[in-house]
Amino acid sequence: MPDILHKVGIESSSPNDVYAALTTLDGLSGWWTTNTLGDCKPGGTIVFRFGGNGGFDMKVLESHPARRVLWQVVDGPEEWIGTTIGFDLRQEGDWTIVLFKHEGWKQPVEFMHHCSTKWGVFLLSLKALLETGKGAPWPDETKLDSWE
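First things first, this report covers the structure right here in the doc.

Calculation criteria
Residues numbered from 1 in each chain as written. Predicted model: local features only at pLDDT ≥ 70, side-chain atom pairs only at ≥ 80, totals over all residues. Heavy atoms only, no water. Helix = DSSP H or I, 4+ residues; strand = E, 2+ residues; numbered from the N terminus. Rg over C-alpha atoms; globule rule 2.2 N^0.38 Å. Buried < 20%, exposed > 50% of the residue type's maximum accessible area, 1.4 Å probe, protein only. Areas by Shrake-Rupley, 256 points an atom, 1.4 Å probe, with all protein chains shown as cover. Lys, Arg positive; Asp, Glu negative; His and termini not counted. Charge placed at Lys NZ, Arg CZ, Asp CG, Glu CD. Pairing = 2+ DSSP bridges. Axes fitted to C-alpha atoms, helices over the stretch in contact; angles between N-to-C directions. Contact = heavy atoms within 4.5 Å. 1 Å grid on protein atoms, 1.4 Å probe; cavity = no way out; pocket = protein on both sides within 12 Å on 5 of 7 lines; lining within 4 Å. Points joined across faces, edges and corners; volume = space filled by probe spheres on them. Nonpolar A, V, L, I, M, F, W, Y, C, P; charged D, E, K, R; others polar. Core = buried A, V, L, I, M, F, W, Y, C linked by side-chain atoms within 4.5 Å. Salt bridge = Lys/Arg side-chain N within 4 Å of Asp/Glu carboxyl O.

### Here we look at the overall build of the protein chain
Looking only at helices and strands, one finds three helices and seven strands in the protein chain. Its C-alpha atoms give the protein chain a radius of gyration of 14 Å, near enough to 15 Å, the size a compact globule of 148 residues would have. Expressed as a percentage of the 148 residues in the protein chain, the buried residues total 45%. Summed over all atoms, the accessible surface of the protein chain reaches about 7,300 Å², with 52% contributed by carbon and sulfur. In the protein chain, 13 positive and 20 negative side-chain charges are present, and the distance between their average locations comes to 4 Å.

Shown next, in the form of structure tokens:
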């Protein structure tokens, strides 16, 4: 099965700060979508909405402070259901390294290509949020094509 993989370094940010941006409603709405609701604790479900384009419901499978966050998609586009989304964090000098994985796609359909690029857009929004204090979550992110 194909996976989406990205690596992003966030300068002058601790893994604890990045972890907070991945595990709190304020943090998530600061870089991914302003329409974020739910329970960010393990076993909880986080609901992400993107206007008329729908959204995703993620069950929190793992949450290890400053190290790892793992979600499973429980509702959303058919291609996403059952996939997992993980963020592994580590410190390298003045940088926090984020290794991102969206795993379990059944096949590399065109929508996967779109999602791979959008994950890059939103991971750069996460970087901007932590480095400058201002991310570019939906609806202010870079648009790519007619799916938006």
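So much for the structure itself; the text now carries on.
### Observations concerning the sheet that holds strand β7 (residues 95-103)
The seven strands are arranged β1-β7-β6-β5-β4-β3-β2 in an open sheet whose pairing can be described as antiparallel. Bordering the open sheet on either side are β1 (4-11) and β2 (35-38), each of which pairs with just one other strand. Across the sheet, the mean angle separating the axes of adjacent strands is 20° when strand polarity is ignored. In this fold helix α3 (residues 110-132) packs onto β1, β6 (84-92) and β7, with an angle of close to 15° to the strand it touches most, β1.

### Some points on the layout of surface pockets
In this model, the largest pocket occupies a volume close to 370 Å³. Those elements giving two or more residues to the lining of the largest pocket turn out to be β4 (55-64) and α3. Examining the composition of the lining of the largest pocket, we find that six residues originate from one element, α3, more than from any other. The class makeup of the residues in the lining of the largest pocket is eleven nonpolar, four polar and four charged. Within this model, the second largest pocket holds a volume of roughly 150 Å³. Around the second largest pocket, the lining residues are E78, E79, W105, K106, Q107 and V109.

### Re the nonpolar core
For soluble globular proteins, nonpolar side chains are generally found buried alongside one another. W31, W32, M58, W71, W80, I85 and F87 are the most contacted members of the largest nonpolar core, which has 36 residues in total. If we skip the residues at most four places from it in the chain, I85 touches M58, V69, L70, W71, V73, W80, F100, K101, H102 and W119.

### Some words on the pairing of β6
Looking at chain direction, strand β5 (residues 68-75) and β6 are connected through five bridges and run antiparallel. Looking at β6, one finds that V69 is bridged to F87. Strand direction decides the pairing type here: β6 and β7, joined by nine bridges, are antiparallel. Paired with G86 across the two strands is K101, which belongs to β7.

### Comments concerning the pattern of salt bridges
For side chains bearing opposite charge, pairing can occur when the charged atoms are close. A full pass over the atoms with the stated rule returns seven salt bridges. With a shortest N-O distance of 2.9 Å, R68 and D88 are connected by a salt bridge. Taken together, the positions of R68 in strand β5 and D88 in strand β6 put the pair 20 residues apart, joining distant regions of the chain. In this structure, E131 engages K127 in a salt bridge whose closest nitrogen and oxygen atoms are separated by 2.8 Å. Of this pair, E131 and K127 both sit in helix α3, four residues apart, roughly one helical turn. Shared partners join several salt bridges into a network, and the residues in it are E62, R68 and D88.

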